[in-house]
Amino acid sequence: STPSDIVIMANSPGELSAFAIPVASQFKKKSPDSRLILILTPCQYASGMEVEFAKNKNLFDVILSSEEYKKLALTGKLPPNISFTKNGLILYLGGDLLHPIILSKRFGFKAYAYLAGEHVGMTGQFEKFFVPYKEKFEKRIPASKLIEV
């Protein structure tokens, strides 16, 4: 079968180091034939060093900067020499939930999200939500879509 793309989206230095790197490490172990793609979304707290930091971890096959992501979101154009497979999923680890929805629609990938905060919207666009406490989200998201982690 064709290897899948696992797209991990993160927006801040904290999410990159606390969530994206450990999650990518686990995907690399459990799904070594999959291609790991990191997409950084715009963040007011970005240091400008996120791409370099992620490259130094040697986990990702492709890394898109927030500038490259903005072009992709607005025009649908990927940077030269980068393409996505037909199989894949998007795992969003923080920020605006609109970002994974844009890519999910553009590439036909199922979207998943980790939620810790109270703000929840567009729940119908996601397959599942990973949450720290189900009770916190059950009033706004169907229980069948919640996975407690």
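Please refer to the structure higher up on the page.
Not measured: the values here are computed from a predicted model.

**Student:** Let's hear about unusual backbone geometry: which residues, and what values?
**Tutor:** Despite not being glycine, Asn58 shows a phi value in the positive range, around 55°. Phi angles above zero are rare outside glycine, and Asn81 is one such case at about 70°. Mapping Asn81 onto the fold places it in the loop between α3 (66-75) and β4 (88-92).

**Student:** Tell me about the packing of aromatic side chains, residues and numbers included.
**Tutor:** Scanning all chains against the criterion turns up six aromatic pairs. With centroids separated by 6.1 Å and ring planes inclined at 40°, the aromatic side chains of Phe107 and Phe109 adopt a geometry described as tilted. Look at Phe126 and Phe129: their rings are 5.0 Å apart centre to centre, the planes differ by 45°, and that puts the pair in the tilted class. Residue class for Phe126 comes out buried when judged on its relative accessible area of 1%. Each member of the aromatic cluster is reached from another via a ring pair, and the members are Phe84, Phe107 and Phe109.

Criteria and thresholds
Residues numbered from 1 in each chain as written. Predicted model: local features only at pLDDT ≥ 70, side-chain atom pairs only at ≥ 80, totals over all residues. Heavy atoms only, no water. Helix = DSSP H or I, 4+ residues; strand = E, 2+ residues; numbered from the N terminus. Phe/Tyr/Trp six-rings, centres within 6.5 Å; stacked < 30°, edge-to-face > 60°. Buried < 20%, exposed > 50% of the residue type's maximum accessible area, 1.4 Å probe, protein only.

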